[in-house]
Amino acid sequence: PGELTDRYGAVYWEDHNEVPGITWLMRIKEHFRNSAWLNPMTERMWHAPSIRMICEVFSMYPLTIEGVEQIADELSG
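Residues numbered from 1 in each chain as written. Predicted model: local features only at pLDDT ≥ 70, side-chain atom pairs only at ≥ 80, totals over all residues. Heavy atoms only, no water.

1. A short note on the side chain of Ser50
Turning to its location among the elements, Ser50 is positioned in helix α3 (residues 49–57). What makes Ser50 buried here is its relative accessible area of 17%. Ignoring anything within four residues of it in the chain, the contact list for Ser50 reads Pro1, Glu3 and Leu4. (Helix = DSSP H or I, 4+ residues; strand = E, 2+ residues; numbered from the N terminus. Buried < 20%, exposed > 50% of the residue type's maximum accessible area, 1.4 Å probe, protein only. Contact = heavy atoms within 4.5 Å.)

So this is what it looks like as C-alpha cells:
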C-alpha cells in the first residue's frame, strides 16, 4: 500500500510524486459526479491492503463482462 499512502510513493521507483496516490484517487472521485473502479485482478485477490483502500474510495467491480454491465448500470443511474 505504500504506493497509495506514502509521500513519493509510486508503483515504479523512478517516479516521485509528492502527493500520495490515495489523495489523487480521492480527487478523481470528488471531481467526477459518477465513478467506479474496474479491477482486473480476480476477486479472491481483493483482500490485499491496497485494494481494500481503493474500495473505500470507489465502488469496485471485476473486469469481466458482468462487471462491466454492473458498472454501466451504476454509472448511468
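2. Observations regarding the environment of Leu25
Topologically, Leu25 is positioned in helix α2 (residues 21–31). Taking the relative accessible area as the measure of exposure, Leu25 reaches 12% and is therefore buried. The spacing of Leu25 and Glu74 is 49 residues in sequence and 19 Å in space, taken between C-alpha atoms. Ignoring anything within four residues of it in the chain, the contact list for Leu25 reads Leu4, Trp37, Ile54, Val57 and Phe58.

3. Description of the packing of aromatic side chains
If you walk through the whole model with that rule in mind, you get one aromatic pair. Between Trp37 and Phe58, the ring centres sit 5.7 Å apart and the planes meet at 35°, which makes this aromatic pair tilted. One end of the pair, Trp37, is in strand β1 (residues 37–39); the other, Phe58, is in the loop between α3 and β2 (60–62), with 21 residues separating them in the sequence. For Arg27, the ring lying beneath its charged end belongs to Trp24, and the centroid distance is 4.6 Å. (Phe/Tyr/Trp six-rings, centres within 6.5 Å; stacked < 30°, edge-to-face > 60°. Lys NZ or Arg CZ within 6 Å of the ring centre and 35° of its normal.)

4. Quick word on α2
Gly21, Ile22 and Leu25 are the residues of α2 that are buried. Down the axis, α2 shows its buried residues gathered within 100° of arc, on one side only. Residues of α2 that are exposed and angled more than 90 degrees away from the buried face: Glu30 and His31. (Arc of directions from axis to C-beta.)

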